[in-house]
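Structural characterization, general
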Amino acid sequence: MSFEEMWSELLPIGRATDGGYHRFTFTPSELECRAWFLDQARRRGLTLEQDTNGNLFAWWLPESGERGDAVLTGSHLDSVPGGGAYDGPLGVISAFAAIDRLRAAGVRPQRPIGVSAFAEEEGARFGVACLGSRLLSGAITPERARGLSDGDGRSFAEVAAENGLDPDALGPDADLLGRIGCYVELHVEQGRALREPVGVASSIVPHGRWRLDFAGEGNHAGTTLITDRRDPMLPFAFAVIAARQAAERNGTVATVGKVAVTPNGVNAIPSAVTAWLDSRGPFEGDVRRTVAEIMEAARVAAEAHGVTVEMAEESYTEIVDFNRDLRERVVKSLGGVPVLPTGAGHDAGILASRVPTAMLFVRNPTGISHDPAEFAEEEDCLHGVEALATVLKDLARG
């Protein structure tokens, strides 16, 4: 099955009328994507495996039957709200297409080659990005993962159980991790620094997510005097402005892209506002300083308006420098390609603490991502498949 045919099959799943994707973990659209993955693996006669955390794997085993020291590739199938078509699925489709190319060329790997689809990479439903790879690698405790909840108040433990997983079995899988010799993830570039069809990642910058809970007093929008109000929307607004200012001062980025208002009525003063902050930057100290300044601005504004605020770190990932030896081998196998850092988090960044990892990027001409306008030329995507096949062939020789 060609790259174009696989792309056409997956493209409509979870797509809204505005072109954006809503493939949240263990919802019908994401489950349909999972079924598509299983079907692609079966068509190729690959050995299927789902770990205790909901991550999917399809293995092309060598003739020896050897299962260890595997070369793993792939990405994820879930999306952010209203996301683009390429973020995640491009890496999964390219992995299957690369295996097809190798088989057509008569390649017989000495090491297993696997295709992965990691669960809840975006964190759009349960709030923690790369949850599947974090659980597998031990970067989050099973206890905390079980207690995560979605927007409807349903816990990850509850939803996982409904989808055939044992909540008590969540967590690191030493056997599976021990069988992965290296991981190479192909991804659309989420910026516009790449001027050639394919590049290689050098690192992922420090990044994290924080939650701010503002609590005030709900009341009538028309009858409550300004002087009598304890409106949590006001310190929230100050915090949003402070995020932009702190980021500019510290050479970072800071974004408030999600907010929940209670009771969320036009004619009601809110009783509570919960906001989520995302901050990233080249240096950890600058990111930490940015967040501290935002939190202090939120605290001062909350006090001035008779509102309380509580702040919590939901996730944080330190700078990830991808394995130098693996990166250099990948670059060499491709005859020399651009090497560049990224401000986006990936499962490869989480797994890097446990196994050698590398990333390939496919050029994004607009630089837009996490939006329906996310795009890559088909020709560049096919260059990505060819590059991934070249890398897998080299690595699978041992």
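Look up a bit, the structure's there.
These numbers come from a predicted model, not from an experiment.

Description of helix α8 (residues 233-250)
- Taking 1.5 Å per residue, 18 residues should reach 26 Å; α8 reaches 26 Å between its end C-alpha atoms and fits that length.
- Residues of α8 that are buried include every one of P235, F236, A239, A242, A243, A246, A247 and N250, and no others.
- The inward-facing, buried residues of α8 contact β7 (207-215), β9 (253-262), β11 (272-280) and α9 (284-304).
- Within two residues after α8, G251 carries a phi angle of roughly 70 degrees, on the positive side.

A look at the packing of helix α1 (residues 3-10) against helix α3 (residues 89-104)
- Contact geometry of α1 with α3 gives a least axis separation of 10 Å together with a crossing angle of 145 degrees. Crossing handedness for the pair α1 and α3: right-handed. Together, F3, M6, W7 and L10 of α1 and P89, L90, I93, S94, F96, A97 and D100 of α3 make up the contact between the two elements.
- Each residue belonging to the contact of α1 with α3 can be placed in one class, and the counts come to 9 nonpolar, 1 polar and 1 charged.

A closer look at empty space enclosed by the protein
- Summed over the entire model, instances satisfying the criterion amount to 3 cavities of 30 Å³ or more.
- For the largest cavity, the calculated volume is near 40 Å³.
- The wall of the largest cavity is formed by L212, F214, F236, A239, V240, V256, A275, L277 and I294.
- Elements with a minimum of two residues in the lining of the largest cavity: β7, α8 and β11.
- Here the lining of the largest cavity gets 3 residues from one element, more than from any other, and that element is α8.

The rules behind the values
Residues numbered from 1 in each chain as written. Predicted model: local features only at pLDDT ≥ 70, side-chain atom pairs only at ≥ 80, totals over all residues. Heavy atoms only, no water. Helix = DSSP H or I, 4+ residues; strand = E, 2+ residues; numbered from the N terminus. Expected span 1.5 Å × (residues − 1). Buried < 20%, exposed > 50% of the residue type's maximum accessible area, 1.4 Å probe, protein only. Contact = heavy atoms within 4.5 Å. Axes fitted to C-alpha atoms, helices over the stretch in contact; angles between N-to-C directions. Left-handed = near helix turned anticlockwise from the far one by under 90°. Nonpolar A, V, L, I, M, F, W, Y, C, P; charged D, E, K, R; others polar. 1 Å grid on protein atoms, 1.4 Å probe; cavity = no way out; pocket = protein on both sides within 12 Å on 5 of 7 lines; lining within 4 Å. Points joined across faces, edges and corners; volume = space filled by probe spheres on them.

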